[in-house]
Structures are given as structure tokens and as C-alpha cells.
Amino acid sequence: WLYKNKPSVQFYRNLRQTNCLVPEDWLSLKDYFNIFKNSIKSLRTLNYKISYPNIKINHLVFRERLSQLGESRVIFWRYIPAIKKWSTNLKSITAYDQYQNMMFEHPIRYIIKKLPIKSTSIGFYHSLLTKDFLPYHHLHSEWESSVKPDYVACLGDIGKNILITQGVPEKKLISVAALRHKNITNIKTNKKLPKQALILLSLFPEASIEILTKIYLNNSLIIDDLNLKIKVKTHPMMKVEKILKKMNWKNLPHGWEWAKRDLNSELKDSYCCFAMSTASVYDAILNDNIVISIKSDLSIMDNYLDLFSDEFSLANSVSGEELNKKIHDAFVLKTKKYQEEFSQMRSRLIEGINLTNQENLNAFIPKN
């Protein structure tokens, strides 16, 4: 996925020098024809004839077909013929990918299981997500599919227990290093109350637009009454220009600025984070921030802290109408309550997340 690199001749030359697999090197015109043909055929798996009790979902099926037709999923079909040719002289293959049960993960897992050699696929459950993220909910029969990984690598007991309750067979799970949170033991806590808040934007453009809009509606309280400094942290794969264009803004509002450093550095200097539809809420808590999750009017996957909402009241999301009171509580009326409850959440996270040490790094290699 070339998010920050242009696919120039020199770029591909550099990839080849590092012994990377470049699928295009292994594909013929016939392969490309079959790739596009199979990509279109795959839409038929979303079938109007499938019966769902007491519910009619024809419009939903049609919408999903259009969505998949517009996605760049066709580039991932390249891996099937490319890996089949590339692996001719191999005796075994081990494949690592993220694990979010998405379409783009499937082709590599599918083809290596079809090869006449030993193969192992590992999907990395690299971050905690909302329990409303449906791709992490499984039927047991799904695990008979050849597009499922042989193992799901979890970042610790928290992730492992969540996946088990959502239908992943325990025998498929391995506990490994939490690479995203590898410096949790070096983070200082008990910071003073800085007058700074960080808006954590999502990869989903609609969530970023919604949270910016709802926080701006409370700008008088934030800037004029509380005199807070607001910084906006974009998702690494989202461009500032794209966000401003969608907001119809030329610049951020007065008193706001873009956060230009890496996430952990920005979190060290902030006290409170506003969030919607982003897993960075857990980075925020580990960096001793309180988090205000804002409820979406458009999506059910808005609150990534809902994994803790049964145990901690402040892990629940808040509507736009309630946001003014929530901000006032966090910075003025109930600061002690907020600090204590998020400190407890932080302790729970540290207990349930694995350290990045040699033992946990070795665990990425399953013992077959």
C-alpha cells in the first residue's frame, strides 16, 4: 500500500534490491485478465437470494456491492497468481499481516494454504477496538475457511479474552509483544493539569468532520472561558488539506493548531483528549490522559473505550448536547474523579498488555 511513496521506477528498483516481492514482476496479461474477472465475480457472493429471517436487506446488499466495486480490492487479487509463481522453489512460507478480518487480508492467506508446501499465516491483532467492530465477531464455522489465519497474535490478556468472547477459538490465539505500546513502562504519570487538549482524528473522514464540528460548537467554553490550548492530531494516513477541504475551512479556528510531533510526544504534553472512532484513545490513557469519547450521529463504531464501559462510567461516550457539561466537569468540577478513574483504566491496560521483550517477540513465531 503506497501511502507515502510514489510508485516510480526507482521506487520499485529499491524494493527489488531489498528482496521484496513485487507482484507485477510475476504477472502476465492473462493473469491480469483473470484478476479483473475474478474481482467482478466476487461481487456475486453478496447474493440477494440469501435469506435473513424477518429482515429484508436488498438495499444494503446493493450498497455493499457498489462500495466493493469502488474499492481498490482488485490490487490484492494480484497476490494469488504472483505468489503461486514466485513460490515454485520454496519449501515453506510464513506470512504475517494485521488481523481485522478484512478482504485485503484474504488473498495471501488463501493462496499459501493452496500451495503444495508447508505454510503458516499469522494475523496480528495489534490494537484494541470497539466491541461494535463487527469483523471481530465470528461464527465457529468461519474458522474452517481458507482465508482465516492459522494463528491470531494478541497483544496480551485483554485482547485474548475479548477475541475469545467474540468467537475466536482459543487454540488459534498466541500472546505476543504489544508493538504499538512498546514504551508503556517508560511513560511518566501524575502529570500536572496542563491547559491543553488534543483532538484525536480518525482514519474515517466522516468521523473527523463530525468531531471537529461538535467540538467547535463548544469553542466559546474551550477558548474563552477555560482558556485551553487545542491541538489537532491527524491520523498518519490522512492529509491536513483533505480535512480542511471537507470542513470547508481555510485554517483551523483561532486558538487551535495542528499537532506536528508523533502521537506519544503530543500526548505527554496534554491532559485531555477528545476522540471518535479511533484506537488512539488507548495510547492517550497509557500516556496519563483522560479521554472524552464523543458519540456519533452517523456510526455505531464511535466509542473505542466501550470495552471498559461496563466497569468505568467515564468510558461511555457523550452526545454533542452533553459535551459542554462534560468538558466543564473534566477541567473544573470533577477533575479528581476523572483522574482517579482513568488512572484505574491505565492500570488495567498495563496489566493486560504484553511488554516488548525478547520472550514476547519470540512468541510471534508459533511452535508447530
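Note that the structure is predicted; figures quoted are calculated from it, not measured.

Regarding the overall build of the chain
- When its secondary structure is counted, the chain shows 15 helices and nine strands.
- Against the 2.2 N^0.38 benchmark of 21 Å for 368 residues, the chain shows a C-alpha radius of gyration of 23 Å, consistent with a compact globule.
- Summarising its shape, the C-alpha atoms of the chain cover approximately 65 × 55 × 45 Å along the three principal directions.
- Counting only residues that meet the buried cut, the chain has 45% of its 368 residues in that class.
- The long-range fraction of contacts in the chain, counting pairs at least 24 apart against all pairs at least 6 apart in sequence, stands at 73%.
- Summing over all exposed atoms, the chain offers an accessible surface of approximately 20800 Å²; the carbon and sulfur share of this is 53%.
- The centroid of the 53 positive side-chain charges in the chain is displaced by 8 Å from the centroid of its 36 negative side-chain charges.

Some points on the environment of S343
- As for its placement among the helices and strands, S343 is situated in helix 14 (residues 335-352).
- For S343, a relative accessible area of 38% gives the class partly exposed.

Examining the pattern of salt bridges
- Throughout the structure, instances matching the rule amount to 17 salt bridges.
- A salt bridge links E105 to R109; its shortest N-O distance comes to 2.8 Å.
- By relative accessible area, E105 is classed as buried at 1%.
- On the basis of relative accessibility, which here comes to 3%, the residue R109 falls in the buried class.
- Residues R348 and E311 are paired through a salt bridge, measuring 2.3 Å at the closest nitrogen-oxygen approach.

Focus: the packing of aromatic side chains
- One pass over the full model with this rule turns up 13 aromatic pairs.
- Between F76 and F104, the aromatic rings sit 5.7 Å apart at their centres with planes inclined by 40 degrees, giving tilted as the arrangement. With F76 in helix 4 (residues 74-77) and F104 in the loop between strand 1 (92-98) and helix 6 (106-114), this pair connects stretches of sequence that are 28 residues apart.
- Every member of this aromatic cluster is reached through a ring pair, and the members are Y99, Y125, F133, Y136 and W143.
- Of note, R78 hangs over the ring of Y79, and the distance from its end group to the ring centre comes to 5.8 Å.
- The cationic tip of K148 hangs over the ring face of W143; the distance from NZ or CZ to the ring centre is 5.2 Å.

Section: a positive patch on the surface
- Residues K30, K37, K41 and R44 make up a contiguous surface patch of positive charge.
- You can see R44 is positioned in the loop between helix 2 (29-42) and helix 3 (58-70).

Some details on the pairing of strand 6 (residues 229-233)
- Where burial is concerned, most of strand 6 is hidden: four out of the five residues are buried.
- Here strand 6 runs beside strand 7 (residues 256-258); their pairing, made up of three bridges, is parallel. Paired with I230 across the two strands is W256, which belongs to strand 7.
- Following the backbone out of strand 6, through helix 10 (residues 240-247) and into the adjacent parallel strand 7, one traces a crossover that is right-handed.

Regarding helix 8 (residues 205-216)
- Spanning 12 residues, helix 8 covers 17 Å between terminal C-alpha atoms, matching the ideal 16 Å at 1.5 Å per step.
- Within helix 8, burial applies to A207, S208, E210, I211, L212, K214 and I215.

Topic: the layout of surface pockets
- By volume, the second largest pocket is sized at about 590 Å³.
- Lining the second largest pocket are 21 residues, with S42, T45, L46, Q68 and M103 positioned closest to its centre.
- Counting residues per element, the ones that place at least two in the lining of the second largest pocket are helix 3, helix 4 and helix 6.
- Broken down by element, the residue count for the lining of the second largest pocket peaks at four residues, all from helix 3.
- Its residues placed into classes, the lining of the second largest pocket shows 14 nonpolar, five polar and two charged.

A word on the nonpolar core
- One finds I199, W256 and F274 to be the most contacted residues of the largest nonpolar core, which totals 76 residues.
- If you tally residues by element for this core, the top one is helix 12 (residues 280-286), at five residues.

Here we look at the sheet that holds strand 6
- Sheet architecture is open: five strands sit in the order 7-6-5-8-9, paired in parallel fashion. Only two strands of the sheet have a single partner each, and these edge strands are strand 7 and strand 9 (290-293). Each adjacent strand pair in this sheet contributes to an overall mean axis angle of 25 degrees, direction not counted.
- The sheet contact formed by strand 5 (residues 196-200) and strand 8 (residues 272-275) spans four bridges and is parallel.

Conventions adopted
- Residues numbered from 1 in each chain as written.
- Predicted model: local features only at pLDDT ≥ 70, side-chain atom pairs only at ≥ 80, totals over all residues.
- Heavy atoms only, no water.
- Helix = DSSP H or I, 4+ residues; strand = E, 2+ residues; numbered from the N terminus.
- Rg over C-alpha atoms; globule rule 2.2 N^0.38 Å.
- Buried < 20%, exposed > 50% of the residue type's maximum accessible area, 1.4 Å probe, protein only.
- Contact = heavy atoms within 4.5 Å.
- Areas by Shrake-Rupley, 256 points an atom, 1.4 Å probe, with all protein chains shown as cover.
- Lys, Arg positive; Asp, Glu negative; His and termini not counted.
- Charge placed at Lys NZ, Arg CZ, Asp CG, Glu CD.
- Salt bridge = Lys/Arg side-chain N within 4 Å of Asp/Glu carboxyl O.
- Phe/Tyr/Trp six-rings, centres within 6.5 Å; stacked < 30°, edge-to-face > 60°.
- Lys NZ or Arg CZ within 6 Å of the ring centre and 35° of its normal.
- Patch = residues over 30% accessible without salt bridge, like charges linked within 9 Å, V, L, I, M, F, W, Y side chains within 5 Å.
- Pairing = 2+ DSSP bridges.
- Right-handed = clockwise from strand over helix to strand, strands pointing away.
- Expected span 1.5 Å × (residues − 1).
- 1 Å grid on protein atoms, 1.4 Å probe; cavity = no way out; pocket = protein on both sides within 12 Å on 5 of 7 lines; lining within 4 Å.
- Points joined across faces, edges and corners; volume = space filled by probe spheres on them.
- Nonpolar A, V, L, I, M, F, W, Y, C, P; charged D, E, K, R; others polar.
- Core = buried A, V, L, I, M, F, W, Y, C linked by side-chain atoms within 4.5 Å.
- Axes fitted to C-alpha atoms, helices over the stretch in contact; angles between N-to-C directions.

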